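Structural overview
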Amino acid sequence: MSSRPMLAVAGITGAALAVVGVLTLAAARSVPEPPGRTATTQGATVTASPTPTLSAAIVEVRPPARSGTGKRVVYSLSKQRVWLIDERNRVVRYYAVSGPRRSLPVGAYKVYERASTLADDPNGPPAQYVVRFAYGRDGKPLAFETVPGVDLLATGGQPSRDVRQRAADARALWDFAPVGTKIIVIR
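Fair warning: this is a prediction, and the values are worked out from it, not measured in the lab. (Residues numbered from 1 in each chain as written. Predicted model: local features only at pLDDT ≥ 70, side-chain atom pairs only at ≥ 80, totals over all residues. Heavy atoms only, no water.)

Taking strand neighbours across the sheet as the criterion, the five strands line up as β6-β5-β4-β12-β7 in an open arrangement whose pairing is mixed. Strands at the two margins of the open sheet, each flanked by one partner only, are β6 (91–96) and β7 (107–110). Strand-to-strand twist of the sheet, defined as the mean angle between neighbouring strand axes without regard to direction, takes the value 20°. As paired strands, strand β5 (residues 81–85) and β6 are joined by five bridges and run antiparallel to one another. If you follow Ile-85 over to β6, its bridge partner there is Val-91. (Pairing = 2+ DSSP bridges. Helix = DSSP H or I, 4+ residues; strand = E, 2+ residues; numbered from the N terminus. Axes fitted to C-alpha atoms, helices over the stretch in contact; angles between N-to-C directions.)

Given below as structure tokens:
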């Protein structure tokens, strides 16, 4: 075989490998924002809830567009995600939640009450790390919380009245958001 056809085959093979590499990179960047990853952004480490199907990887997590500036908690109704963003506009935690999608209007709120334990439902376990920030369309309080023994995220994330979080995420939000902290609800 002469060197000319071999060079052509090598060139085609090289081009094909380059295309596969570009497509792989594009596919990795287009994956939805899953929980369970560790991210770095502007030198800070962002912690997220673990999930058994994902290995730890480094991804960049940015604050959502049009979510304001400064220290805040951002809750996305459509993505069912929460971002904890510090004073320097860096994401310090990002994770999945299960919560209301229609009973809460998009807008800016503030934490107005917190309770380490709250027994709202006489038939179930008390909620923990309750951070109230709004009232639903029905006039009842809405909060970020966790309920021991109830993991709605593991069972398909059935929406609840309040924003349900895993225990570690609820504790992180509790530590991050004292009374007066801005809560931004986006679509």
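Counted by the stated rule, this structure contains six aromatic pairs. Relative to Tyr-94, the ring of Trp-83 lies with its centre 5.3 Å away and its plane at 45°, an arrangement referred to as tilted. Here Tyr-94 lies in strand β6 and Trp-83 lies in strand β5, a separation of 11 residues in the sequence. Trp-83 gets classed as buried once you look at its relative accessible area, which sits at 3%. Within the aromatic cluster, the residues linked to one another by ring pairs are Tyr-75, Tyr-109, Phe-133 and Phe-144. Over the ring of Phe-176 we find Lys-71; its NZ or CZ atom is 4.6 Å from the centre of that ring. The ring of Trp-174 carries the charged tip of Arg-114 above its face, separated from the ring centre by 3.7 Å. (Phe/Tyr/Trp six-rings, centres within 6.5 Å; stacked < 30°, edge-to-face > 60°. Buried < 20%, exposed > 50% of the residue type's maximum accessible area, 1.4 Å probe, protein only. Lys NZ or Arg CZ within 6 Å of the ring centre and 35° of its normal.)

On average, residues of the protein chain score 75 in pLDDT, and 61% of them are at 70 or above. Ignoring residues within four places in sequence, the model shows residues 14–45, a span with pLDDT below 50, making 46 contacts including any to other chains. Counting interchain partners and residues more than four positions distant, the pLDDT-below-50 stretch residues 49–57 has 17 contacts. (pLDDT = per-residue confidence, 0-100. Contact = heavy atoms within 4.5 Å.)

Further remarks concern the sheet that holds strand β10 (residues 141–146). What the four strands build is an open sheet, ordered β8-β9-β10-β11; its pairing is mixed. The open sheet has two edge strands, β8 (113–118) and β11 (163–164), and neither has a second partner. Of the pairings in the sheet, the one linking β8 to strand β9 (residues 127–135) comprises five bridges and is antiparallel in character. Looking at β9, one finds that Leu-118 is bridged to Ala-127. Across the face of the sheet, helix α2 (residues 167–176) comes into contact with β8, β9 and β10 while running at roughly 55° to β9.

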